[in-house]
Amino acid sequence: MSVPVFEEYEPAIDCACAGCAERRRSAARALPVRRGGHPAAHGARRALVLATAAGVVLSCGAAGAAAAAGHAPWAPRADGDADPEPAPANPQGEKGPLRGTGASGPPSAGAAAPKTTRAAIIDRAQRWVDAKVPYSMEKYWSDGYRQDCSGYVSMAWNLGANEWTGSLAAYGTRIARADLQPGDILLFHNPADPAKGSHVTIFGGWTSSARTHYVAYEQARPRTRKQSTPLAYWNNSERYVAYRYKGVTGGSPGSGSSTAFPGAERFGPGADNKYVTQLGQMLVQRGGKRFYAVGPGPEWGTADKRATQAFQQAQGWKGKEADGIPGPHTWRLLTSGGGRNIPAAGAGGSPSTAVAFPGRGYFQPGQSNSHVDRLGKQLVKKGYGKHYVSGPSPLWTEADRRNVEAFQRAQGWRGGAADGYPGPETWRRLFA
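Predicted model only: the values in this text are computed from it and were never measured.

Q: Could you clarify how one ought to interpret the nonpolar core in this entry?
A: As a rule of thumb, nonpolar side chains are buried together in soluble globular proteins. Among the nonpolar cores identified, the biggest contains 26 residues, and Tyr 152, Trp 157, Ile 185, Ile 202 and Tyr 217 are the most heavily contacted of them. For this core, the elements supplying multiple residues, two or more each, are helix H3 (118-131), helix H4 (149-156), strand S5 (185-188), strand S6 (199-206), strand S7 (213-219) and strand S9 (241-245). For Tyr 217, the contacting residues outside a window of four places in its chain are Ile 122, Ala 125, Gln 126, Val 129, Tyr 152, Thr 201, Ile 202, Gly 204, Arg 225 and Lys 226. By size, the runner-up hydrophobic cluster in this structure holds 19 residues, among which are Leu 279, Phe 291, Trp 300 and Trp 331.

The structure is reproduced here in structure tokens:
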């Protein structure tokens, strides 16, 4: 597919883009300035200069206003109750080699796909999240990849060139959304106008059992981010297509066989099969490496049980839910990349101390219970207890609500996401 050709157009007087603002400046400078002359002429020039100034403010102020606002009034509730944050515009650069040395043309039908693993893809994607790489469709990060959405995927897939949304599909195999696994992508390419709406995200795993939201790694303004996102995206959702990188090892394109639970009889004492190996490999990727002295294998052992139990406890499960034997829910979280990872040994929030969220009903006016008391003490421990005159105590009060709200706002949440009532994500972060 060829790179899109953009046509020049006559800008509207209120267009906010930098190009239109510059054209208005040039037009204003071109008008003659005279000491005398007809008042109408001076009025016309004054109007144009004012319009130019307004255009400059618009072109610079949109991003500034968004940054100042932090989140829109209907920002996403981290606990999954409110409307999600609106998606940002994601213009992108063209296809080209690393470090922007010039276009290299469209991909061939048999585009090279270097081998990699899902873990490696997610690891590379996380590097930009950790580095907080600023969004830009002209700049290139230190690794040579362009700092826009398609450059980000090119980097995560280790393609060795900067692709764009019109060429990434050549490196993948189309799959059903139900078959998405970590490292796959969701791609929307708008051939009519690639600069409007085209975008791509990296699938990091499901965040809800209903599979309505997923962890999206994406390059968007102002910087690389990783957050829960509605399937497939906030806008143009129905037009996003799921692709699996051709060079990924593990899992067959378009097949759900690798994610289907094989049955409880495949695990436990005496089990010896490929599913035990697959379980161990997934647990290692989720933080369970320390349990294996040699490495996962087909024969069930104590290491498999301990690692499975650690993963289950990391989800806040207790009793029979955390018996060390994988069931359908454990398997689904592991194969989809969902749930919480196994904490490092000795780290705060280790599997043995994980605290499960008891439910929203305990945190309402008039409620008095041990969960409110525990919440209050944790808020004080984290430094968010300034609204307590006395306490905390088992009785839910306005002081509890205001302290929870302060904690939520410290996470960057606004609107319904910071209403002062704890949900699963608020609880998880407090007790992490």
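Q: How do you make sense of the pattern of salt bridges when you look at a structure like this?
A: Should the charged atoms of two oppositely charged side chains come close, the side chains can pair. For the structure on display, the rule yields eleven salt bridges. Put simply, Arg 225 and Glu 218 hold a salt bridge, and the shortest N to O gap is 2.9 Å. We classify Glu 218 as buried; its relative accessible area is 0%. For Glu 425, the salt bridge goes to Arg 429, with nearest N and O atoms at 2.9 Å. Of this pair, Glu 425 and Arg 429 both sit in helix H10 (residues 424-430), four residues apart, roughly one helical turn. The exposure class assigned to Arg 429 is partly exposed, which follows from its relative accessible area of 31%. Linked by salt bridges that have partners in common, Glu 398, Arg 401, Glu 405 and Arg 409 make up one network.

Q: How do you make sense of H4 when you look at a structure like this?
A: The periodicity of an α-helix, 3.6 residues per turn, causes residues three or four positions apart to be oriented the same way. Most of H4 is tucked away, with eight of its eight residues classed as buried. Here H4 has its buried residues at Cys 149, Ser 150, Gly 151, Tyr 152, Val 153, Ser 154, Met 155 and Ala 156. In this structure, the buried side of H4 is in contact with H3, strand S3 (161-162), S5, S6, S7 and strand S8 (224-230). Immediately downstream of H4, the backbone of Asn 158 shows phi near 60 degrees, a positive value.

Q: How should I be thinking about the environment of Val 276 in this particular structure?
A: The residue Val 276 is located in helix H5 (residues 274-288) in this model. Val 276 sits in the buried class, given a relative accessible area of 0%. Between the C-alpha atoms of Val 276 and Trp 300, which are 24 residues apart in sequence, the distance is 6.3 Å. Those residues in contact with Val 276 that lie beyond four places of it in its chain are Arg 266, Phe 267, Ala 271, Gly 297, Pro 298, Glu 299, Trp 300 and Asp 304.

Q: Even after reading the chapter, I still don't get helix H6 (residues 302-314), so can you show me in this structure?
A: The first and last C-alpha atoms of H6 sit 18 Å apart over 13 residues, in line with the 18 Å expected at 1.5 Å per residue. Turning to H6, its buried residues number three or more, namely Asp 304, Ala 307, Thr 308, Ala 310, Phe 311, Gln 312 and Ala 314. Buried residues in H6 make contact with H5 and helix H7 (328-336). In the stretch just after H6, Gly 316 is the one whose phi turns positive, near 90 degrees.

Q: What's the story with the environment of Trp 157 in this structure? I'm lost.
A: Here Trp 157 is to be found in the loop between H4 and S3. Taking the C-alpha atoms as reference, Trp 157 lies 8.2 Å from Arg 124; in sequence the two are 33 residues apart. In this view, Trp 157 contacts Ile 121, Leu 168, Tyr 171, Gly 172, Gly 183, Ile 185, Tyr 243, Arg 244 and Tyr 245; residues no more than four positions away in its chain are not counted.

Q: I would appreciate a short explanation of the sheet that holds S8 in the present structure.
A: Pairing within the open sheet is antiparallel, and its six strands lie in the order S4-S9-S5-S6-S7-S8. The open sheet has two edge strands with one neighbour each: strand S4 (172-175) and S8. Recorded for the sheet is a direction-independent mean angle of 40 degrees between the axes of neighbouring strands.

Q: Please clarify how the packing of aromatic side chains should be interpreted in this entry.
A: Note on aromatic pairs: each is described by the distance of the centres and the angle between the planes. Within this structure, the stated rule accounts for 18 aromatic pairs. Ring plane angle 70 degrees and centroid distance 5.0 Å describe the contact between Phe 203 and Trp 206, whose orientation is recorded as edge-to-face. Judged by relative accessible area, which is 0%, Phe 203 ranks as buried. You can call Trp 206 buried: its relative accessible area is 5%. Every member of this aromatic cluster is reached through a ring pair, and the members are Phe 357, Phe 363, Trp 396, Tyr 421, Trp 427 and Phe 431.

Q: I keep staring at the confidence of the model for the protein and nothing clicks. Help me out?
A: If pLDDT is low for a region, its predicted coordinates should not be looked at in detail. For the protein, the mean per-residue pLDDT works out to 75, and 69% of the residues sit at or above 70. Model confidence for the protein, summarised as mean pLDDT per element, is weakest for helix H2 (residues 39-69) at 42 and strongest for S5 at 95. Every residue in residues 1-15 is under pLDDT 50, and counting partners more than four places away or in other chains gives 26 contacts. Throughout residues 348-353 the model reports pLDDT below 50, and contacts reaching past four residues in sequence, or to other chains, amount to ten contacts.

The rules behind these values
Residues numbered from 1 in each chain as written. Predicted model: local features only at pLDDT ≥ 70, side-chain atom pairs only at ≥ 80, totals over all residues. Heavy atoms only, no water. Core = buried A, V, L, I, M, F, W, Y, C linked by side-chain atoms within 4.5 Å. Buried < 20%, exposed > 50% of the residue type's maximum accessible area, 1.4 Å probe, protein only. Helix = DSSP H or I, 4+ residues; strand = E, 2+ residues; numbered from the N terminus. Contact = heavy atoms within 4.5 Å. Salt bridge = Lys/Arg side-chain N within 4 Å of Asp/Glu carboxyl O. Expected span 1.5 Å × (residues − 1). Pairing = 2+ DSSP bridges. Axes fitted to C-alpha atoms, helices over the stretch in contact; angles between N-to-C directions. Phe/Tyr/Trp six-rings, centres within 6.5 Å; stacked < 30°, edge-to-face > 60°. pLDDT = per-residue confidence, 0-100.

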